[in-house]
Amino acid sequence: MEKRLDLAPGYSISRVINGCWQLSEGHTLRGGLDFKDVMRAFHMLADQGLTTFDCADIYTGVEEFLGEFVKELKGSSGVSPDDIQIHTKYVPDIDALSRVDFQYTENIIDRSLKRLNRDALDLVQFHWWDYAVPGAVEAAGHMKKLKDKGKIRHIGATNFDAEHLAEIVDAGVPVVSVQAQYSVFDRRPEKRLLDYCKANNIAVLCYGTLAGGYLAERWRGSAMAKPETRSQVKYLQVIEDTLGWKGYQGLLELLGNIAQKHAVSIANAATRFILDQPGMRSAAIVGVRSSRHVASNAKALSFELSAADIAEIRQYLDNYAVLDGEPFELERTIGSKYREIMKMNLSEE
Ligand SMILES: NC(=O)c1ccc[n+]([C@@H]2O[C@H](COP(=O)([O-])OP(=O)(O)OC[C@H]3O[C@@H](n4cnc5c(N)ncnc54)[C@H](OP(=O)(O)O)[C@@H]3O)[C@@H](O)[C@H]2O)c1
């Protein structure tokens, strides 16, 4: 498999992207993170060719931390700041949606530029919490203006379904990618989004491919898995509504056996199952909390799952439910447990 993906002409990213939500304040529920080790992990990842990082304007403290990384790279003789790609997001607060105008958008983008120590943002991924509040297409249009002004290089979207993504694309906003939660046991993007993206040459940047770390040897044979992070709280809900604990354990067994055959980890097999879906231009965003998994993640692109491996995994999954609705639909639904765990006013906090 190609190790890089051309997201746009002249702009290539690593197919395993280093996800940084995990570094956000409050994400770790118990204990703390060793940020010196995380910085070491960033250098190691970049040295190994995993040069693309994903963050957001609403990941508290993370744009600033990546800005520190950029500063360190400026002073080093190895990888330079121009060799890495930093993807951020533009996530207006839910309470602010009705007052989003060009100035609001530009202020957020200027804040990201300053925090990240960049002259231009490589990719800004646009999120809109509530389709019922008008203004999403206009706000995406502000980003196009900021692209024309040179503050943004490329525009992406995050957590849009095919129908609403199409409204933005049809309005002439040059969207190169969309982020979606897509894993072995959350295959909602397969309903419509993947086909739309294929037809419109939009890359899919997949998150949740490791289910917050639940798709790993560590949980094989375990009787329970108390969430240690906010992302695990979410993915445990997905396990409950799809495989159930027993089905999840069966999946770990299956992935474990396949991984062993290829001398890789369960995480690698789970990542490749998603990246190997036919016809998709994609990358997997894998969350980083330490240097512990650097070597493993660098191996994700070094082997191939066979057609028989993929068929075996699919056959297993066919026995279980796929989550209801389109990507991020449950997360948008008032009263749903998926929505209740989300914080929707972090930008101005
Ligand atoms: N657009 C959105 O709405 C959205 C939403 C969620 C996430 N994201 C992006 O996607 C990224 C990924 O987040 P996620 O919540 O979906 O988490 P994930 O990538 O499914 O899981 C990450 C966790 O898996 C464990 N891990 C990482 N590499 C591993 C390996 N090789 N082997 C075993 N375990 C490994 C780590 O936990 P331990 O260190 O504890 O083992 C890490 O915290 C985020 O950082 C963010 O950039 C975007």
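Definitions and cut-offs
Residues numbered from 1 in each chain as written. Predicted model: local features only at pLDDT ≥ 70, side-chain atom pairs only at ≥ 80, totals over all residues. Heavy atoms only, no water. Pairing = 2+ DSSP bridges. Helix = DSSP H or I, 4+ residues; strand = E, 2+ residues; numbered from the N terminus. Axes fitted to C-alpha atoms, helices over the stretch in contact; angles between N-to-C directions. Contact = heavy atoms within 4.5 Å. Near = heavy atom within 4 Å. Polar contact = N/O pair within 3.5 Å; in protein donor to acceptor, adjacent residues only side chain to side chain. Nonpolar A, V, L, I, M, F, W, Y, C, P; charged D, E, K, R; others polar. Core = buried A, V, L, I, M, F, W, Y, C linked by side-chain atoms within 4.5 Å. Buried < 20%, exposed > 50% of the residue type's maximum accessible area, 1.4 Å probe, protein only. 1 Å grid on protein atoms, 1.4 Å probe; cavity = no way out; pocket = protein on both sides within 12 Å on 5 of 7 lines; lining within 4 Å. Points joined across faces, edges and corners; volume = space filled by probe spheres on them. Expected span 1.5 Å × (residues − 1). Phe/Tyr/Trp six-rings, centres within 6.5 Å; stacked < 30°, edge-to-face > 60°. Lys NZ or Arg CZ within 6 Å of the ring centre and 35° of its normal.

Read once around its circumference, the closed barrel built from eight strands follows the order 3-4-5-6-7-8-9-10, with strand pairing classed as parallel. The sheet shows a mean angle of 30° between the axes of neighbouring strands, taken without regard to direction. Its contacts with the sheet place helix 5 (residues 162-170) against strand 6 (121-126), strand 7 (152-158) and strand 8 (175-181), and it is angled at close to 165° to strand 8.

Another point: the site of the ligand. Of all residues adjacent to the ligand, which total 30 residues, the nearest are Gln22, Asp54, Asn159, Tyr235 and Arg289. Gly208 places a main-chain nitrogen or oxygen 2.8 Å from an oxygen atom of the ligand. Backbone polar atom of Leu210 to an oxygen atom of the ligand: 3.2 Å apart, as the coordinates give it. The set of elements that each furnish at least two residues to the shell around the ligand consists of helix 7 (230-241), strand 10 (282-287) and helix 10 (294-298). A breakdown of the residues in the shell around the ligand according to their chemical character gives 11 nonpolar, 14 polar and five charged.

Core analysis: the largest hydrophobic core is formed by 126 residues, its most contacted members being Phe42, Leu66, Phe126, Leu165 and Phe185. Discounting chain neighbours no more than four positions away, the residues touching Phe126 are Tyr90, Pro92, Ala136, Ala139, Ala140, Met143, Gly156, Ala157, Thr158, Phe160 and Ile168.

With that out of the way, let us pick up the layout of surface pockets. In this structure, the second largest pocket spans a volume of roughly 250 Å³. In terms of lining, the second largest pocket is formed by 14 residues, of which the most central are Pro81, Asp82, Arg118, Asp122 and Arg153. Of all the secondary-structure elements, those providing two or more residues to the lining of the second largest pocket are strand 2 (11-14) and helix 2 (62-74). Of the residues contributing to the lining of the second largest pocket, the split by class is five nonpolar, three polar and six charged.

Right, let's talk about the pairing of strand 10 for a bit. Along any regular strand, the residues point their side chains to alternate faces of the sheet. With five of six residues buried, strand 10 lies mostly within the body of the structure. The pairing of strand 9 (residues 203-207) with strand 10 spans three bridges and is parallel. Across the sheet, residue Val204 finds its bridge partner in strand 10, namely Ser282.

Its 15 residues give helix 3 (residues 102-116) an end-to-end C-alpha distance of 21 Å, which sits within 8% of 21 Å, the value for a rise of 1.5 Å per residue. Among all positions of helix 3, only Tyr104, Thr105, Glu106, Ile108, Ile109, Ser112, Leu113 and Leu116 are buried. Close packing links the buried residues of helix 3 with helix 2, strand 5 (85-90), strand 6, helix 4 (136-148) and strand 7. One or two residues past the end of helix 3 sits Asn117, with phi positive at roughly 60°.

Across all of its chains, the model carries 15 aromatic pairs by this definition. Between Tyr316 and Tyr320, the aromatic rings sit 5.4 Å apart at their centres with planes inclined by 40°, giving tilted as the arrangement. Clustering of aromatic rings is evident, with ring pairs tying together Phe35, Phe42, Phe53, Phe65 and Phe69. The ring centre of Phe102 lies 4.5 Å from the NZ or CZ of Lys145, which sits over that ring.

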